[in-house]
Amino acid sequence: MAATATEHGHGHDHSHGHEEHNQESMKVFGFWLFLITDVLMFATLFATYVVLRNNTNGGPTAEELFQLPIIIANTFILLTSSFTSGLAVLAMHQGKLKQLIGWLAVTMLLGASFLGLEIYEFAHLVHEGATMQTSAFLSAFYTLVGAHGLHVTIGLFWMIGIVLQLAKRGITPVTERKVNVVSLYWHFLDAVWIFVFTVVYLMGVM
Amino acid sequence: MTAHSNENRQASGASLKSYVLGFALSILLTIIPLGVVMGGWLEGTAALVTILIAAVLQFVVQLFFFMHLREGEDARWNKLALVLGAVILILIVGGSIWIMTYNAVAQ
């Protein structure tokens, strides 16, 4: 509701429009601060994982469990989706609505494939008897990787919402800010995954 | 107003070139640790240090090429918040590893 109100103001009053632009950029900064707090949450989860990763309680170890081919595929999928969400922002800056929605759709499709593979991996691990209750190592593993997966899931639903708004309202200062913010979030998730990939999987099989 | 800010943004580097370059660098920085671990290019501490450096570099690539850390009016505050986050991150992760490793040795 507030969004439509400011949208109208933008067209009419130049000085008001400037103020509103500042407000939009403040909102992006606010989101940036949220990302920093999210970094801190992931930092504690990574610290927990690194400390507990050898406490396998006689159960399977990281080296025995992890299937790198799926993880490598997922890494490239998420990397590509980070790139395509960047292309969406680029299309938006050029005022190309259809291209913007198209790249967001590609990003969501890649994000959904990532989630699908991750769910498959978790199901496979549980099938092998490696559940969250098996050992401290696996508790920390599921918490860390699951927290990232949950972020990706939220990002997917969020993007669906933004695409619906774009289809309805087109590119306005408000939807523009929303696309900027969701793309920031998506790049951030890729950055976190790089550390999951390195610290959990690569160091796990080393 | 909108056109003006668009010009600014394009001038400051949110271009196709920077995205493609960032993407290429990310792929390279993913292939290097893969080669180190799966291809057995390096071993032991050297391998560990290499893959961790590759991860940090890739984070930097995401920040500059994709998240445009250096752009916009709030860039200074963005960086300040990031530095604060990084300091706490290093304290949490580094401190935990340090203490718990010592704990394991002491026992």
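Residues numbered from 1 in each chain as written. Chains lettered and ligands numbered in written order. Predicted model: local features only at pLDDT ≥ 70, side-chain atom pairs only at ≥ 80, totals over all residues. Heavy atoms only, no water.

> Hey, could you run me through the overall build of chain A in this one?
Tallying secondary structure elements over chain A gives seven helices and zero strands in all. Dimensions along the principal axes, computed over C-alpha positions, put chain A at roughly 70 × 30 × 25 Å. Counting the 206 residues in chain A, one finds 55% classified as buried. The contacts of chain A with a sequence gap of at least 6 include a subset with a gap of at least 24, amounting to 81%. For chain A, the computed accessible surface area is about 8600 Å², with 66% contributed by carbon and sulfur atoms. For chain A, the centre of its 8 positive side-chain charges and the centre of its 13 negative side-chain charges are spaced 12 Å apart. (Helix = DSSP H or I, 4+ residues; strand = E, 2+ residues; numbered from the N terminus. Buried < 20%, exposed > 50% of the residue type's maximum accessible area, 1.4 Å probe, protein only. Contact = heavy atoms within 4.5 Å. Areas by Shrake-Rupley, 256 points an atom, 1.4 Å probe, with all protein chains shown as cover. Lys, Arg positive; Asp, Glu negative; His and termini not counted. Charge placed at Lys NZ, Arg CZ, Asp CG, Glu CD.)

> Looking at this structure, how should I read the confidence of the model for chain A?
When pLDDT is low, close inspection of the predicted coordinates is not appropriate. Put simply, chain A has an average pLDDT of 90, and 91% of its residues get 70 or more. Segment residues 1–13 of chain A: pLDDT under 50, and 13 contacts once partners within four positions in sequence are set aside and those in other chains are kept. (pLDDT = per-residue confidence, 0-100.)

> Looking at this model, I keep getting lost on empty space enclosed by the protein. Mind explaining?
All told, the structure shown has one cavity of 30 Å³ or more when counted by the stated rule. Taken together, Trp32, Leu35, Ile36, Val39, Phe188 and Ala191 of chain A together with Phe59, Leu63, Met67 and Leu82 of chain B make up the lining of the largest cavity. Taken together, the elements giving at least two residues each to the lining of the largest cavity come down to α2 (14–52) and α7 (173–205) of chain A together with α3 (44–66) of chain B. Sorting elements by how many residues they give to the lining of the largest cavity places α2 of chain A first, with four residues. Among the residues making up the lining of the largest cavity, the classes are represented as ten nonpolar, no polar and no charged. (1 Å grid on protein atoms, 1.4 Å probe; cavity = no way out; pocket = protein on both sides within 12 Å on 5 of 7 lines; lining within 4 Å. Points joined across faces, edges and corners; volume = space filled by probe spheres on them. Nonpolar A, V, L, I, M, F, W, Y, C, P; charged D, E, K, R; others polar.)

> Mind showing me how you'd approach the nonpolar core here?
What tends to happen in soluble globular proteins is that the nonpolar side chains get buried as a cluster. By size, the foremost hydrophobic cluster in this structure holds 81 residues, and its most contacted members are Trp32, Tyr49, Phe66, Phe141, Trp193 and Tyr201 of chain A. Looking at this core, the element that brings in the most residues is α7 of chain A, giving 19 residues. Not counting chain neighbours up to four residues away, the residues in contact with Trp32 of chain A comprise Leu184 of chain A together with Leu63, Met67, Leu69, Asn78, Ala81 and Leu82 of chain B. (Core = buried A, V, L, I, M, F, W, Y, C linked by side-chain atoms within 4.5 Å.)

> Can you walk me through the layout of surface pockets in this structure?
Over the atoms, a rolling probe the size of a water molecule traces out where space has been left empty. By volume, the largest pocket is sized at about 990 Å³. Listed by contribution, the elements that provide at least two residues to the lining of the largest pocket are α2 and α7 of chain A together with α3 and α4 (75–106) of chain B. Here the lining of the largest pocket gets twelve residues from one element, more than from any other, and that element is α4 of chain B. Considering only residue class, the lining of the largest pocket consists of 27 nonpolar, five polar and two charged.

> I'm lost on the side chain of Ser135 of chain A in this one. Help?
When you line up the elements, Ser135 of chain A lands in the loop between α5 (97–127) and α6 (136–169). In this structure Ser135 of chain A comes out as buried when scored by relative accessible area, which is 5%.

> Mind showing me how you'd approach the packing of aromatic side chains here?
To describe a pair of aromatic rings, you give the distance between the ring centres and the angle between the ring planes. Summed over all chains, the structure comprises 19 aromatic pairs over all chains. Plain terms: the ring middles of Phe141 of chain A and Tyr201 of chain A are 6.1 Å apart, the flat faces sit at 85 degrees to each other, and that makes the pair edge-to-face. Here Phe141 of chain A, found in helix α6, pairs with Tyr201 of chain A, found in helix α7; they are 60 residues apart in sequence, far enough to count as distant. Among the residues examined, Tyr201 of chain A registers a relative accessible area of 0% and is labelled buried. Put simply, the rings of Tyr49, Phe66, Phe114, Phe122, Phe137, Phe141, Tyr142, Trp193 and Tyr201 of chain A pair up and form one aromatic cluster. Its end group placed over the ring of Trp77 of chain B, Arg76 of chain B keeps NZ or CZ at 4.9 Å from the ring centre. (Phe/Tyr/Trp six-rings, centres within 6.5 Å; stacked < 30°, edge-to-face > 60°. Lys NZ or Arg CZ within 6 Å of the ring centre and 35° of its normal.)

> Mind showing me how you'd approach the pattern of salt bridges here?
Charged atoms that come close allow side chains of opposite charge to pair. Residues and elements named next belong to chain A. Within the structure shown, the criterion is met by two salt bridges over all chains. Taking the shortest distance from any N to any O, the salt bridge between Glu24 and Lys27 comes out at 3.9 Å. Pair noted here: Glu24 and Lys27 are both in helix α2, with a separation of three residues, about one helical turn. The partly exposed category is assigned to Lys27, whose relative accessible area is 40%. Between Arg177 and Glu24 there is a salt bridge, with the nearest N and O atoms lying 2.6 Å from each other. Residue Arg177 is located in helix α7, and its partner Glu24 is located in helix α2; the two are separated by 153 residues in the primary sequence. A residue is classified by how much of its surface remains accessible, and Arg177, at 15% relative accessible area, is buried. (Salt bridge = Lys/Arg side-chain N within 4 Å of Asp/Glu carboxyl O.)

> So what exactly am I meant to see when it comes to a nonpolar patch on the surface here?
Residue and element names in this part refer to chain A. A grouping of Phe157, Ile160 and Leu164 is seen on the molecular surface, where their side chains present a nonpolar patch of about 340 Å² in accessible area. Mapping Phe157 onto the fold places it in helix α6. Look at Phe157 and you get exposed, because its relative accessible area is 60%. (Patch = residues over 30% accessible without salt bridge, like charges linked within 9 Å, V, L, I, M, F, W, Y side chains within 5 Å.)

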